[in-house]
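This is what each chain is made of:
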Amino acid sequence: MKTTFFLIIGFLLLFASGSISSQEVTGKNTDLQTGSVSTMCTPDLYELTSKWASEFGSLHPEVKINVSEADYGSTGFGTGGSLGFISGKATTAIIDETNWKMVVGRDVVVAVMNSENPFSAEVNKQGISQEQLTQMLINPLNRNWGTMLVKSLAEPIHLYIVNDETVKAGLEKFINGKNIAFTGIIVGTRDEMVSAIQKDPYAIGFCSLLNITESDQNLAGNLKLLPIDKNGNGTLEYMENIYADLNTFQRGIWIGKYPKSLVSNVYAVSNVQPANENELEFLKWVITEGQLYMNANGYCELVGSESQSQLDKLTIASINVSPVKDASQAGIVLLIVALVLVAGWVTSAVVRNYRKQKNITPDFNISPTGFSEDTLVLPNGLYFDKSHTWSFMEKDGNITVGIDDFLQHITGPVSRIEMKSPGETIRKGDVLFSIIQFGKQLNIYAPFSGIIKKQNTALLSDSSAINSSPYEAGWVYRIEPSNWIKEVQLMDLSEKYRRWLGAEFTRLKEFMTAILRPESPEYAHIVLQDGGELKEGVLAEFGPKVWEDFQTNFLDTFK
């Protein structure tokens with residue numbers, strides 16, 4: 001350790017004789033560089049983009065956002081590093097997969113039914129498949145509830161479609177380009193359709209999600225979403241059941257549980273990753289405060305932590321390298337680096353000495369090979385909770401808390417951790433801290449109640465210990481418990497916890513298998529090794545949508 005330390009210091013001193021650079025992370029600025037940002041947009045987004053430009057400009061008068069409108073077939077979007085905003089109406093030529101793009105909103109076509117439909121329980125249980133909806137739309141003879149539920153029912157289905165070209169185009173895409181047989185289908189305004197379905201328990205309507213969303217973000221009275229059996233197996237499985245409320249539904253859309261053909265995204269695009277300070281701040285504003293203008297312009301806002309995940313991507317993208325201008329600045333940088341290294345070395349020595357004095361003496365080293373029940377490290381003397389946290393009572397009565405080895409193997413390297421501050425009170429089941437991997441986030445819940453006395457500040461600058469040493473250097477808090485005697489009864493010691501983790505491995509495999517899409521077999525190698533063993537960092541290769549789903553359908557089930 002000492003040899004490595006002094007080699008690093010020597011290297012830095014040698015490096016000082018040449019040119020050096022430092023990384024500067026751009027945060028949220030209130031004073032931006034004077035200048036302009038050029039944007040192009042498709043015709044349907046001109047009003048929204050202009051509103052964004054106007055509102056952002058009023059907050060930052062030093063920056064002028066120039067907006068120009070282009071045809072849907074234009075190939076000039078995002079060229080030269082400029083920004084473009086396009087909707088799903090745009091041709092595929094605009095959305096070049098080699099270019100940078102980011103979702104900033106969406107439009108969604110939905111099927112809606114009367115909440116007092118007499119077959120509602122059966123519909124909720126099995127859903128309606130894409131094939132069933134297709135046959136209903138293209139063949140008037142199939143417009144009855146018996147056909148939909150594969151039962152001997154004669155009750156007719158009365159169909160309504162909002163008179164909107166986007167809705168019609170989405171439906172035709174959903175039924176694979178087949179022609180809708182409009183015979184018998186009532187096409188009208190939003191109000192006409194909503195009123196008719198509210199009065200007709202046998203009706204089904206197709207419209208934009210915003211057509212049936214009230215100002216309080218609830219569905220219009222007496223209406224409910226028609227659940228779609230996405231995989232067509234005749235059962236609305238838990239992975240498909242996103243129709244309980246609007247928030248769950250919209251999060252499910254983001255995660256990919258809703259047919260893509262019925263979703264029209266709004267993208268910010270460019271032929272290069274945005275790096276200009278003004279462009280980045282404008283984009284950050286669009287996916288935060290700018291979302292307030294989406295609904296008024298006919299588009300759905302980003303939902304849940306989607307905005308935060310996009311914001312994290314932009315924050316990562318805004319890391320710039322700037323040269324150090326003179327030798328004095330170089331010396332300062334080297335001095336800071338050297339001090340950090342010295343502090344790190346001293347801290348490491350203190351931690352090692354501290355651990356030697358502890359009562360727990362198992363081997364805490366984490367096995368670098370494989371990921372199975374046999375390779376998990378679960379030290380004796382610790383209490384484990386179903387929130388995948390561990391707890392240990394120190395001599396002073398405070399409890400040290402961290403995450404278990406199982407969870408860190410699943411996430412892979414943690415890039416950042418968000419912690420509460422000392423003095424804050426937490427209750428069992430509250431969000432205790434969040435682990436983040438480059439914009440993807442999981443919330444970890446408190447295994448007991450108490451007052452946070454100390455946080456592991458070393459994790460703020462280097463969170464790698466969460467993975468390399470989850471039970472030692474990777475501890476997160478020391479907490480003064482308020483109800484320890486009662487709440488510790490709900491925790492398990494290592495052997496019992498290991499048996500419980502056996503079921504968790506099975507549940508994890510079921511979860512990962514369920515998210516693998518048949519049309520994307522390339523993901524299979526990410527999840528399972530030969531013999532069906534889970535791969536190390538099984539979530540690392542997936543995006544924030546899957547992490548959101550893991551949070552809701554895996555971690556939150558024991559909240």
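Only a predicted model underlies this, so the values are computations on that prediction, with no experimental measurement involved.

So, the overall build of the chain
Step number 1: Along the backbone of the chain there are 18 helices and 22 strands.
Step number 2: A total of 559 residues make up the chain; the buried ones form 49% of that total.
Step number 3: Contacts in the chain between residues at least 24 apart in sequence constitute 73% of all its contacts with a sequence separation of at least 6.
Step number 4: Element-wise, carbon and sulfur atoms account for 53% of the exposed surface of the chain, whose accessible area totals about 26,500 Å².

A word on the nonpolar core
Step number 1: In terms of nonpolar packing, the biggest core is built from 52 residues, with F433 and F550 touching the most fellow members.
Step number 2: In terms of residue count, the dominant contributor to this core is helix α16 (residues 494-515) (seven residues).
Step number 3: Non-local contacts of F433, meaning those with residues more than four positions away in its chain, are made with I403, I417, E418, M419, L442, N443, I444, V476 and Y477.
Step number 4: The next biggest cluster of nonpolar side chains, apart from the first, holds 51 residues, and it includes F206, F249, Y258 and V263.

Topic: the sheet that holds strand β14 (residues 383-385)
Step number 1: With respect to topology, six strands assemble into an open sheet ordered β14-β15-β16-β22-β21-β18, the strand pairing being antiparallel. Either end of the sheet is taken by a strand with one partner, and the two such strands are β14 and β18 (425-426).
Step number 2: Pairing analysis gives two bridges linking β18 to strand β21 (residues 450-455), with the strands arranged antiparallel. Directly across from I426, in β21, lies its bridge partner G450.

Comments concerning the sheet that holds strand β20 (residues 440-445)
Step number 1: If you walk across this open sheet you meet the three strands as β17-β19-β20, and the pairing is antiparallel. A strand with exactly one partner marks an edge of an open sheet, and here the two such strands are β17 (416-419) and β20. Along the sheet, successive strands turn relative to each other by an average axial angle of 20 degrees, direction set aside.
Step number 2: Sheet topology places strand β19 (residues 431-437) next to β20; six bridges connect them, and they run antiparallel. Bridge pairing in β20 links I436 to Q441.

With respect to the confidence of the model for the chain
Step number 1: With 77% of its residues at a pLDDT of 70 or more, the chain shows a mean pLDDT of 81.
Step number 2: Contacts from residues 1-7, a stretch scored under 50 in pLDDT, to residues over four places away or in other chains number five contacts.
Step number 3: Throughout residues 9-30 the model reports pLDDT below 50, and contacts reaching past four residues in sequence, or to other chains, amount to 38 contacts.

What to know about helix α18 (residues 544-555)
Step number 1: Extensive coverage of α18 is indicated by the burial of ten of its twelve residues.
Step number 2: Residues P544, V546, W547, E548, D549, F550, Q551, N553, F554 and L555 constitute the buried set of α18.

Notes on the pairing of strand β2 (residues 35-41)
Step number 1: Across seven bridges, β2 lies against strand β3 (residues 63-69) in parallel orientation. Among the inter-strand pairings, S36 is bridged to a residue of β3, identified as K64.
Step number 2: Taking the sense of rotation as the criterion, the β-α-β connection linking β2, helix α2 (residues 46-59) and β3 turns out right-handed.
Step number 3: Across three bridges, the pairing between β2 and strand β4 (residues 83-86) is parallel. The partner of C41 across the bridge, within β4, is F85.

Here's the deal with the packing of aromatic side chains
Step number 1: By the definition in use, this model includes 19 aromatic pairs.
Step number 2: Here the aromatic rings of F384 and Y497 are separated by 4.7 Å at their centres, their planes lie at 15 degrees, and the arrangement is stacked. A residue pair is termed long-range when its members are at least 10 positions apart, and F384 in strand β14 and Y497 in helix α16 qualify at 113 residues.
Step number 3: Judged by its relative accessible area of 1%, Y497 is buried.
Step number 4: Put simply, the rings of W52, F56, F85, F282, W285 and Y293 pair up and form one aromatic cluster.

Focus: helix α7 (residues 190-199)
Step number 1: Every buried residue belonging to α7 is among M193, V194, A196 and I197, and all of these are buried. What you see down the axis of α7 is that its buried residues fit within an arc of 165 degrees, all on one side. Pointing more than 90 degrees away from the buried face of α7 are the exposed residues D191, E192 and K199.
Step number 2: Buried residues along α7 sit in contact with β5 (100-114), β7 (158-162), β9 (203-208) and β10 (223-225).

Side note on the packing of helix α8 (residues 246-255) against α18
Step number 1: Direction vectors running N to C along α8 and α18 enclose 135 degrees, while the axes themselves pass 8 Å from each other. As summarised for this structure, α8 and α18 are arranged oblique, according to the angle between their axes. Side by side, α8 and α18 meet where R251, W254 and I255 of the first sit next to P544, K545, E548, D549, T552 and N553 of the second.

Description of the pairing of β7
Sheet faces and side chains relate simply in a regular strand, where the side chains alternate between the two faces.
Step number 1: Among the five residues that make up β7, four are buried, leaving the element largely enclosed by the rest of the structure.
Step number 2: Note: β7 against β9, four bridges, orientation parallel. Among the inter-strand pairings, I161 is bridged to a residue of β9, identified as F206.
Step number 3: Inspection of the sheet shows β7 paired to strand β8 (residues 186-188) by three bridges, in the parallel sense. Residue pairing across strands places Y160 opposite I186, the latter belonging to β8.
Step number 4: Considered for its hand, the β-α-β crossover made up of β7, helix α6 (residues 165-174) and β8 is right-handed.

Concerning the pattern of salt bridges
Step number 1: Enumeration according to the criterion identifies 15 salt bridges in this entry.
Step number 2: With a closest N to O distance of 3.1 Å, R416 and E418 form a salt bridge.
Step number 3: Residue R416 is classed as partly exposed on the basis of its relative accessible area of 34%.
Step number 4: Overall, the relative accessible area of 34% leaves E418 in the partly exposed class.
Step number 5: A salt bridge links D430 to R427; the shortest N-O distance between them is 3.9 Å.
Step number 6: By relative accessible area, which is 59% here, R427 ends up exposed.

Calculation notes
- Residues numbered from 1 in each chain as written.
- Predicted model: local features only at pLDDT ≥ 70, side-chain atom pairs only at ≥ 80, totals over all residues.
- Heavy atoms only, no water.
- Helix = DSSP H or I, 4+ residues; strand = E, 2+ residues; numbered from the N terminus.
- Buried < 20%, exposed > 50% of the residue type's maximum accessible area, 1.4 Å probe, protein only.
- Contact = heavy atoms within 4.5 Å.
- Areas by Shrake-Rupley, 256 points an atom, 1.4 Å probe, with all protein chains shown as cover.
- Core = buried A, V, L, I, M, F, W, Y, C linked by side-chain atoms within 4.5 Å.
- Pairing = 2+ DSSP bridges.
- Axes fitted to C-alpha atoms, helices over the stretch in contact; angles between N-to-C directions.
- pLDDT = per-residue confidence, 0-100.
- Right-handed = clockwise from strand over helix to strand, strands pointing away.
- Phe/Tyr/Trp six-rings, centres within 6.5 Å; stacked < 30°, edge-to-face > 60°.
- Arc of directions from axis to C-beta.
- Parallel < 35°, antiparallel > 145°, perpendicular 65-115°, else oblique.
- Salt bridge = Lys/Arg side-chain N within 4 Å of Asp/Glu carboxyl O.

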